[in-house]
Amino acid sequence: MKRNEFLTALGISASTVVFAPYLVSCSKGSSLSDSGSNGTPSATVDFTLDLSMPANSALNTNGSSMISNGVIVAKTSTGMYIAVASKCTHQGYTLAYDNGTSEFHCASHGSNFSTTGLVVNGPASTALKVYKTQLTGTNLRVYS
Ligand code: FES
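The rules we used
Residues numbered from 1 in each chain as written. Predicted model: local features only at pLDDT ≥ 70, side-chain atom pairs only at ≥ 80, totals over all residues. Helix = DSSP H or I, 4+ residues; strand = E, 2+ residues; numbered from the N terminus. Buried ≥ 20, exposed ≤ 12 C-beta atoms within 10 Å, placed from the backbone. Contact = placed C-beta atoms within 7 Å. Pairing = 2+ DSSP bridges. Core = buried A, V, L, I, M, F, W, Y, C linked by C-beta atoms within 7 Å. Axes fitted to C-alpha atoms, helices over the stretch in contact; angles between N-to-C directions. pLDDT = per-residue confidence, 0-100.

J.: Please give an account of the overall build of the protein chain that cites residues and values.
T.: When helices and strands are tallied, the protein chain shows 2 helices and 10 strands. When the helices and strands of the protein chain are read in sequence order from the N terminus, they spell out α-α-β-β-β-β-β-β-β-β-β-β. Split into buried and exposed, the 144 residues of the protein chain put 24% on the buried side. Long-range contacts, defined here as pairs at least 24 residues apart, represent 42% of the contacts in the protein chain between residues at least 6 apart.

Shown next as structure tokens:
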């Protein structure tokens, strides 16, 4: 049986076979596009990190950060808490806080974001969603 006959018997055209991988890539690309919603946690963010718990203890040190609930929370070198969406707005890779530059860095393609979420350099072109923080005792609330 020839390839075309085999595919016809399965009800698949040659074009479906040729384009199927691109359709999959396209759908992945659109979900990871520079739409601004990429990597952004659900519309409402409101959670509290107990900094007395070992799991959250990193945030007791200036210059450190951690990711929780789709948000990267950092404690700057001056002891200020900042929180932004943890996924890069370019293609959704997870960001890291760089205390040396006081920026959120994407290791995938090199985008950097300021502590206010603005794009410092691309390829990302959309700012990060920024969340509010409030420290009460050892409880750090992160909310929108
Ligand atoms: S995914 Fe972050 S720069 Fe491309």
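J.: Give a detailed account of the sheet that holds strand 8 (residues 119–121), specifying residues and quantitative values.
T.: Spatial ordering of the open sheet is given by 5-6-7-8, a layout of 4 strands whose pairing is antiparallel. Each edge of the sheet is formed by a strand with only one pairing partner; in this case those strands are strand 5 (96–98) and strand 8.

J.: Lay out the nonpolar core with the relevant residues and their values.
T.: Within the largest apolar cluster, 22 residues are counted, with the highest numbers of intra-cluster contacts made by Val71, Ile72, Val73, Ala83, Val84, Phe104 and Val142. Listed by contribution, the elements that provide at least two residues to this core are strand 3 (71–75), strand 4 (81–85) and strand 10 (139–143). The element best represented in this core is strand 4, accounting for 5 residues.

J.: Explain the sheet that holds strand 1 (residues 46–50) to me, using residue names and the numbers behind them.
T.: The antiparallel open sheet is built from 6 strands, whose spatial order is 1-10-9-4-3-2. At either margin of the open sheet sits one strand with a lone partner, and together these are strand 1 and strand 2 (65–68). Each adjacent strand pair in this sheet contributes to an overall mean axis angle of 25 degrees, direction not counted. Across 2 bridges, strand 4 lies against strand 9 (residues 130–136) in antiparallel orientation. Bridge pairing in strand 9 places valine 84 opposite valine 130.

J.: Describe unusual backbone geometry, naming the residues involved and giving the relevant values.
T.: For the peptide bond that leads from glycine 122 to proline 123, omega is 25 degrees, which places it in the cis range. Counting through the fold element by element, proline 123 comes out in the loop between strand 8 and strand 9. The backbone phi angle of serine 102 is positive, close to 55 degrees, even though this residue is not glycine. Here serine 102 lies in the loop between strand 5 and strand 6 (103–105).

J.: Kindly report on the confidence of the model for the protein chain, identifying the contributing residues and their values.
T.: Summing up the model confidence of the protein chain, the mean pLDDT is 79 and the portion of residues at 70 or higher is 71%. At the low end of the mean pLDDT range in the protein chain sits helix 2 (residues 14–31), at 35; at the high end sits strand 7 (residues 112–113), at 98. Segment residues 3–39 is flagged for pLDDT under 50; beyond a separation of four residues in sequence, or across chains, it makes 27 contacts in the model.

J.: Lay out the environment of serine 144 with the relevant residues and their values.
T.: Positionally, serine 144 belongs in the segment after strand 10. On a C-alpha basis, the gap between serine 144 and alanine 83 in space is 9.9 Å, while along the polypeptide they are 61 residues apart. If near-sequence neighbours (up to four positions away) are discounted, serine 144 is found in contact with Thr44, Val45 and Tyr131.

J.: Tell me about the pairing of strand 4, and name the residues and values.
T.: Burial runs high along strand 4: 5 of the 5 residues are buried. Note: strand 3 against strand 4, 5 bridges, orientation antiparallel. For lysine 75, the partnering residue across the bridge sits in strand 4 and is tyrosine 81. What sits between strand 3 and strand 4 in their antiparallel hairpin is a turn of 5 residues, with glycine 79 showing a positive phi close to 90 degrees.

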